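Structure at a glance
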Amino acid sequence: MDLIRISTAGSVDDGKSTLIGRLLLETKALKKDQLEHIRSVSASRGMDFLDLSLATDGLISEREQGITIDVSHIYLNTSKRRYILADAPGHEEYTRNMVTASSSAQAMIILIDATKGITLQTRRHFYIAHLLRITHVVLCVNKMDLVNYDSGVFAEIQKDFMSIQEKMKGDFRTTYFIPVSALLGDNISTVSEYMPWYWGPSLIELMDQIEIIDNKSVETFFQSQYIQRVQNGHPSNSKRWILGKLKSGEMRVGDDVIVLPGETKSRVSGIHQFGTHKDILLHDENGSLQLEDEVDVSRGSIILNSQNPFHSYAEARTDVCWMHNKPLIPGALYIVQQGARKVRARVSAIHYTIDLNTLSRHDSQKMELNDIGQVTWTFAEPLYAQPFHMHKQSGAFIVIDPVNHNTIGVCLINS
Amino acid sequence: MVVGRKQKRMWITPLKIIKLRISNSETMNTLLNKLENEAIYIIREVAGQFERPALLFSGGKDSIVLVHLAVKAFAPGKIPFPLLHIDTGHNFPETLMFRDRMVKELNVDLIVRYVQDSINQGKVLEERGKNASRNALQTITLLDAIEELRLDACIGGARRDEEKSRAKERIFSVRDSFGQWNAKRQRPELFDIFNGMILPGENVRVFPISNWTEIDIWNYIKFEKILIPSIYFAHRRSVVERERVLMPWSDFIQIDPADQVREEWVRFRTIGDMTCTAATASRASSLDDVIEEINSSGYSERGTRIDDKRSDAALELRKNAGYF
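What comes next concerns the included structure. Note on numbering: residues in each chain are counted from 1, in written sequence order. Whichever chain is written first becomes A and whichever ligand is written first becomes 1, with later ones labelled in order. A pLDDT threshold of at least 70 governs which residues receive local features in this predicted model, and a stricter bar of 80 or more applies before side-chain atom pairs are shown or counted, although totals over entire chains, interfaces and linings include all residues.

Contacts between chain B and chain A engage 43 residues on the former and 47 residues on the latter. Every helix listed is a DSSP run of H or I at least four residues long, and every strand listed is a run of E at least two residues long, numbered separately from the N terminus. Breaking the side of chain B that touches chain A down by element, the ones donating at least two residues are helix H2 (30–49) and helix H3 (61–74) of chain B. Of the residues forming the side of chain B that touches chain A, the biggest block, 10 residues, is contributed by H2 of chain B. Tallied by class, residues from the side of chain B that touches chain A come to 18 nonpolar, 13 polar and 12 charged. Note on contacts: residues are paired as contacts if their backbone-placed C-beta atoms lie within 7 Å. Gly is put with the polar residues, along with every residue not named as nonpolar or charged; the nonpolar set is Ala, Val, Leu, Ile, Met, Phe, Trp, Tyr, Cys and Pro, and the charged set is Asp, Glu, Lys and Arg.

Quick look at the structure:
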């Protein structure tokens, strides 16, 4: 069984909670006691149907207001796959939560209300998929029951959407369109008889079919998290192990490597994984390394194959999504964190912010909460990476407020 | 299996079962492998980012798996932080025996702080009445321990699939100096980048097995041959039926004249205090039986936790106040 991460997005009232509740119900993830709870609350509110949105509406303040306020994680199984759905609320702070939910997603489901068509939120969500290079985007046109399962409505929405995608130059996302009714369960696990004009798979069938290509870039990229000294009998006989994760590629004992910062050359003399010796470490695996020489390695150090495929960025142009009330201001001091490495940095210029209504670019002096745009950073020490579109594992970093230590933005290296 | 059930069962039976039923497949399946790697990465982030972390150990299966993952994360070296157990005084005796044996065998450091001390100091009031429990009181003892030991990070075994308010929890969850969780103040968490920077007085709760589900825990226990307390397997026990759940009979619960104490074959699906963990009727005596039972069970795991039944938002309210 494999593990797939999907983020789900939709505007307020598109019926996203209902869709997730429906997915839980149809994959039998809802247990008797949970279903009983939904049944009794639905009845007490005078509904003659199951309000499946109750399956995920968690917090007290959310239930008081009937909205969701934070990213929620939901777990589903089909016979083929385990799904982790990261569900982002679709109202205020949407961009911030959407980006958070989607950062590690391999696919995104965007909900569109058939009675409303494409909205600003739909564009926003798709733009985030575009920005984060999420390969698969599933557009669920929901509430088809309210438009009499009309194929014309569906076709119109599909056409509108294609025109947005065309505007995003170089977009290579695979998009899928499915007409559904989350409330009534049409095209969720089985193909609905009410929409004979729709030839495609149901949503769950599609989720199972999506081919997930792990971004297994060939570059050998290990980042150190923690340096451990293991004593072997006598204190003088201690060994230094570099604990960390191989974020891409493969690493073998005997490989020539280069350590950054410092550009020191060395060779892998030992690989340990969880107490046992190994000859090879694979993509996405944790391990402990030993190098032949006592080179300078600390938390955040990057170990690459000897060709050193990474750029050294003293400055970098990045896409930015700003996530805090306190605006991004050129010249202000920030801390940026790339994996386990922290560096001080300043923005030297804001190139533009994007108006998601029109996808047009605007000059701007600062970036506010939920703004997306492009800036140039100057780093106190160089950042070692490849552009995000080539190498997701190294090309992203977060921005931390040096005063209150909050995470206030995320950046994707462009050039 | 049947032999020596009363006394020896506590330690020997699970070991036997596991040895007899080792799965045939030599390699871990993709799902467990990914979950294990993710958890170990997070545990190492804690060691890398914090000065004085501790692992919150409750004696339940999730925290046992957590200890196992921590051992693996630093093997062959020692875990560079202690375990912290907040002892309510209402633990199952099996849990405490298991804890002490585990600590000895794995050579890990254990710190214990007692809810009874907080009660004696007048910091908390013992609950009265029929369903009295010390479950909520442990928050104060925990917050005191965090302050006393100056802990900057506490690793916990909470999983997002357990409960609605857990589903919204970050992996690095920052708590203010009062230990409080604020859903609206959570930091965005992106890719595999964890921001553990805090201000003095704040601390971070870290949940490495956030993305594991109940069945993953059991499959992992089976694959890794991890020892767990015997009460996770079926045994005869005196129970009191209350509001359609079977409460384990003990000195810690108040028995009313109307209550009928009877013997049943039961096991525990989760383990908390004896006052707030209900038993389920079961004859599952091996890991395979338990996995089979969970797969076919129509009920959720927290359905046996009395502490969550107090109100629909019981766990959320306790979390806001600094609970695990």
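The next subject is the sheet that holds strand S7 (residues 235–242) of chain B. Residue and element names in this part refer to chain B. Any two strands are treated as partners once DSSP identifies two or more bridges connecting them. Strand order in the open sheet formed by four strands is S8-S7-S9-S10, with antiparallel pairing between adjacent strands. Strand pairing shows two members of the sheet lacking a second neighbour, strand S8 (245–248) and strand S10 (280–281), which therefore form its edges. Two strands pair when backbone bridges link them, and S7 and S8 are joined in this way by four bridges, in the antiparallel orientation. Across the sheet, the residue bridging to Val240 is Met247, located in S8.

Now for the pairing of strand S1 (residues 53–56) of chain B. Residue and element names in this part refer to chain B. Counting other C-beta atoms within 10 Å of its own, a residue is labelled buried from 20 upward, exposed at 12 or fewer, and partly exposed in the gap between, with every C-beta atom placed from the backbone. Every second residue of S1 is oriented toward a common face, with Pro53 and Leu55 on one face and Ala54 and Leu56 on the other, all of them buried. With three bridges connecting them, S1 and strand S4 (residues 153–155) associate as parallel partners. Bridge pairing in S4 places Pro53 opposite Ala153. Summarising the sheet, S1 and strand S2 (residues 83–87) pair through two bridges and their orientation is parallel. Bridged to Leu55 within S2 is Leu83.

Let us now look at unusual backbone geometry. A cis amide bond, omega -5°, links Leu260 of chain A with the succeeding residue Pro261 of chain A. Note that Pro261 of chain A resides in the loop between strand S10 (256–260) and strand S11 (264–273). With omega at 0°, the peptide bond leading from Ala75 of chain B into Pro76 of chain B counts as cis. Relative to the helices and strands, Pro76 of chain B is located in the loop between H3 and S2. The residue Phe274 of chain A is not glycine, and still its phi comes out positive at about 55°. Looking at where Phe274 of chain A falls in the secondary structure, it is placed in the loop between S11 and strand S12 (276–278). Phe274 of chain A gets classed as partly exposed once you count the C-beta atoms within 10 Å, which come to 19. Even without being a glycine, His405 of chain A presents a positive backbone phi close to 70°. With respect to the element layout, His405 of chain A can be found in the loop between strand S21 (396–400) and strand S22 (407–413).

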